[in-house]
Amino acid sequence: MAKPGLDGHERGAKVVARGLRDAGMEVIYTGIRQTPESIAAAALQEDLDAICLSILSGAHLSICRRLADAMAEMGIEDIPVVVGGIIPEDDTEELRRLGVRAIFGPGSNLDDIVAAVQEIVGGADA
Amino acid sequence: MTDDTTITTTSDLPIAAYHDSTTLDELGVDEDRGFPPPGTYPFTRGFREEGYRTGFWDWEMYAGFGSAENANERYRFLLENGATGGVSVALDLPTQIGLDSDHPLAQDEVGLAGVALDSFSDIERLFSGVDLGQAGHVFSTANAIGPIMYAWVLHYCHTHDVDPATFRLQIQNDPIKEYIARGTQFLPVQAAVRLATDVMAYSHEHTPTWLPVSVSGSHMKQAGASPAEEAAFTLANATAYMEQLEAKGVKLADFNPTLEIHFCTDMDFFEEVAKYRAVRRAWSEIGRERFGVPDERLPFRLHAATSGLPLTAQQPLNNIARITLQALAQVLGGCEATRTASYDEALAIPREEAAVVSLRINQIIAHETGIAKTTDPLGGSYYVEALTKRIHQVIQDELERIGELGGALAAVEAGYFQERLARRAYEDQRALDTGERIVVGVNAYVQEETVSHPRFAVDPAWEAEQLSHLRAHREGRNEAELRSALAGVRDACASTDNVVPSVLAAVAAGATIGEICHAWREVFGEFEQQWAQV
């Protein structure tokens, strides 16, 4: 679970991280103010099954673009990425094109998020 | 009346099926002696007997985006539409974190969540054509960068022949809650508190009518605190600032008239009303008992903002009803100043039309409902008085617990507040998922969204515009003067001197926000965030 960019509102990130943990997953939270490059490095170093991003700042497109580049450079582009936050409908197609596997906007149900991550991670293992 | 413990307020306080005098008896509230009139200690019912009869609450509208010109345009628009809370400056994230707009971390965030301000030249463009005396009030959420915002505005007064006494600068300048909830901290917490209290002490001496601190519970509430915890944690933080200020030789008794406490108003209507009443009482008692403030000096400013958290991205027009109810609760709670969110804020920063609707909500409450015609109209309500007493009790219990942990700063360093907020945020989400808590349009009465609501559009040209302003500003400086001024900032930080004069000198020498904050970081070191196994 990572919060890229400068936005420090981490309520959502912490809630989802707890939800994933309570569903039996091992979760590492990077804390606030991460760069896409530092998140990719963390994914490589920790050998993660999935990267979850929490983005409220409106900078999701450029962040995901930079993350995709960094992951490609490190050869970890197969690690699935999930994005949550204030994501306008219009941007979902571009995010999916950048390899984002699931997108959760405001008002999402935590169980739905957990189920989606479980499915994606299961898929990644297979 | 026996309490039904299964039905509770947002703060988990029990609610009886109905309330009467036995409820108050059980709580030890003496109806005859428990409700001193407004204008008298402990001010539960308000600071002034006349309440809003002699003047409505201030109608502040928080705004800012893009470059200084963009924000300036919105301020003029709001003032023309009758906003009475002056100019309320929302800052973008790079500015709040002390980074220049061309810093690598600022990329793609310039002008997004607020206006980008890099240097004093931006301040001149921000205020261009705005008569500060007439606006009466300038507010900004400057926290970690409190001293710089203060210096910018004071330097503006000095160089543009504006008497600081003709308007009121109010800066949030409350870094403690950034570490707990909001996340714009960049220095170690002790250093940040030292800078914040330096501003308070300097302002007390040089701009005594300004409001150099607004101790804020709002962000802690947004991050998960209950209304009662919001109240308790804020007063714990306010106590910490006042103790540090006393150590600098400024007494709360002298300082108090320019102290502000800031909360946000959530949806549990009567609990919110009671919260504001309980806070006035609790802080007045702290002022009298702990800091020895004479009763006539006790009143502080109570500032309330409607909460963004209950606003939904689904069926956004419903947010007009939510905002109205929150605005009503904070007025019934007797707040001196309010800030009202806009119905499209769950989607993006507000469009002009949505901002005006929120301003009109205040105007309708003030002029059309008759609520302002008498002070504390809910005073004496069995339910509101019982809740006021219960919240007051939570505040006292929490302050005792935080005291045992060594005070607010020690509690922050131990992660006490953070854990409390995270736990409640999680429980709150669970209640939403299970339908235990209903939010219209989100987990009940859900509607297929057929209408795509207009949202505020971000112009990518802003970033380029701001970067060119920054480059032009840097070219116009005297390098030797700049270097010497920044050395002065480092020296002041390393000593026990008040840092504000050195920051003022740096601003005058053309230093950017990034350069001044870099000087702070060089002396104090940096706040570090660690990866953590959840």
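Everything below is about the structure printed above this text.
Nothing here was measured: the structure is a model prediction, and the numbers come from that model. (Residues numbered from 1 in each chain as written. Chains lettered and ligands numbered in written order. Predicted model: local features only at pLDDT ≥ 70, side-chain atom pairs only at ≥ 80, totals over all residues. Heavy atoms only, no water.)

Caption draft 1: Quick look at the overall build of chain B. Scanning chain B for helices and strands turns up 22 helices and 12 strands. A globule of 534 residues ought to have a C-alpha radius of gyration of about 24 Å, and chain B, at 23 Å, matches this closely. A principal-axis box enclosing the C-alpha atoms of chain B has dimensions of 75 × 60 × 55 Å. Out of the 534 residues belonging to chain B, those deemed buried represent 60%. The contacts of chain B with a sequence gap of at least 6 include a subset with a gap of at least 24, amounting to 77%. (Helix = DSSP H or I, 4+ residues; strand = E, 2+ residues; numbered from the N terminus. Rg over C-alpha atoms; globule rule 2.2 N^0.38 Å. Buried < 20%, exposed > 50% of the residue type's maximum accessible area, 1.4 Å probe, protein only. Contact = heavy atoms within 4.5 Å.)

Caption draft 2: Quick look at the interface of chain A and chain B. At the junction of the two partners, chain A supplies 39 residues and chain B supplies 43 residues. Carbon and sulfur atoms supply 54% of the area buried between chain A and chain B, which totals about 3,400 Å² over both sides. Contact with chain B buries area across many residues of chain A, yet A:Leu6, A:Arg11 and A:Arg18 alone supply 24% of it, more than any other trio. Counting across the interface, chain A meets chain B through three salt bridges. B:Glu419 is the salt-bridge partner of A:Arg18, the closest N and O atoms lying 3.1 Å from each other. (Buried area = accessible area lost by both parts, 1.4 Å probe. Salt bridge = Lys/Arg side-chain N within 4 Å of Asp/Glu carboxyl O.)

Caption draft 3: Here's a closer look at the pairing of strand E10 (residues 301-306) of chain B. Residues and elements named next belong to chain B. Most of E10 is tucked away: six of the six residues are buried. Here E10 shows two buried faces, one formed by Arg-301, His-303 and Ala-305 and the other by Leu-302, Ala-304 and Thr-306. Taking the sense of rotation as the criterion, the β-α-β connection linking strand E9 (residues 260-265), helix H13 (residues 269-289) and E10 turns out right-handed. Of the pairings in the sheet, the one linking E10 to strand E11 (residues 337-339) comprises three bridges and is parallel in character. Looking at E11, one finds that Ala-305 is bridged to Arg-339. (Right-handed = clockwise from strand over helix to strand, strands pointing away. Pairing = 2+ DSSP bridges.)

Caption draft 4: Layout of the pattern of salt bridges. All told, the structure shown has 46 salt bridges over all chains when counted by the stated rule. In this structure, A:Glu94 engages A:Arg65 in a salt bridge whose closest nitrogen and oxygen atoms are separated by 3.4 Å. In this pair, A:Glu94 is assigned in helix H4 (residues 92-97) and A:Arg65 in helix H3 (residues 60-74), connecting sequence segments 29 residues apart. Judged by relative accessible area, A:Arg65 falls into the partly exposed class, the value being 38%. With a closest N to O distance of 2.7 Å, B:Lys275 and B:Glu272 form a salt bridge. Note that B:Lys275 and B:Glu272 are positioned in helix H13 at a spacing of three residues, about one turn of the helix. Judged by its relative accessible area of 0%, B:Glu272 is buried. Among the charged side chains, a network of salt bridges with common partners joins B:Asp12, B:Glu229, B:Glu398, B:Arg401, B:Arg420 and B:Arg424.

Caption draft 5: Main features of the nonpolar core. Counting residues in each nonpolar core, the largest one holds 157 residues, and the members touching the most others are B:Leu126, B:Trp283 and B:Trp520. Ranked by the residues each element gives to this core, the list is headed by helix H11 (residues 227-247) of chain B, at 11 residues. For B:Leu126, the contacting residues outside a window of four places in its chain are B:Ala68, B:Ala71, B:Asn72, B:Tyr75, B:Val89, B:Val115 and B:Leu117. One finds A:Ile39, A:Ala40, A:Ala43 and A:Ala59 within the second-largest nonpolar core, a separate group that totals 24 residues. (Core = buried A, V, L, I, M, F, W, Y, C linked by side-chain atoms within 4.5 Å.)

Caption draft 6: Region of the structure containing the pairing of strand E4 (residues 100-104) of chain A. Residue and element names in this part refer to chain A. The buried fraction of E4 is high, at four of five residues. Bridge count for strand E3 (residues 81-85) against E4 is four bridges, and the pairing is parallel. Its bridge partner being in E4, Val-81 is matched across the sheet by Val-100. Read from E3 through H4 to E4, the crossover connection turns out right-handed.

Caption draft 7: View of a negative patch on the surface. All names here are of chain B. On the surface, a cluster of negative charge is contributed by Asp-25, Glu-26, Asp-30, Glu-31 and Asp-32. Elements represented by at least two residues in the negative patch include exactly helix H1 (21-26) and helix H2 (31-34). By secondary structure assignment, the location of Asp-30 is in the loop between H1 and H2. (Patch = residues over 30% accessible without salt bridge, like charges linked within 9 Å, V, L, I, M, F, W, Y side chains within 5 Å. Areas by Shrake-Rupley, 256 points an atom, 1.4 Å probe, with all protein chains shown as cover. Lys, Arg positive; Asp, Glu negative; His and termini not counted. Charge placed at Lys NZ, Arg CZ, Asp CG, Glu CD.)

Caption draft 8: Here's a closer look at the packing of aromatic side chains. Residue and element names in this part refer to chain B. Using the criterion set out here, one finds 19 aromatic pairs over all chains in the structure. When the centroid spacing of 5.5 Å and the interplanar angle of 50° are considered together, the rings of Phe-167 and Trp-210 count as tilted. Of the two residues, Phe-167 sits in the loop between helix H7 (146-159) and strand E7 (168-171) while Trp-210 sits in the loop between helix H9 (189-206) and strand E8 (214-216), which places them 43 residues apart along the sequence. Here Trp-210 falls in the buried class, since its relative accessible area comes to 1%. Members of the aromatic cluster, connected to one another through ring pairs, are Tyr-52, Phe-56, Trp-57 and Trp-59. If you follow Arg-280 out to its NZ or CZ, it ends over the ring of Phe-47, 5.9 Å from the centre. The lysine or arginine in question, Arg-339, covers the ring of Tyr-62, its NZ or CZ lying 4.7 Å from the ring centre. (Phe/Tyr/Trp six-rings, centres within 6.5 Å; stacked < 30°, edge-to-face > 60°. Lys NZ or Arg CZ within 6 Å of the ring centre and 35° of its normal.)

Interpretation in functional terms is not warranted from these geometric data alone.
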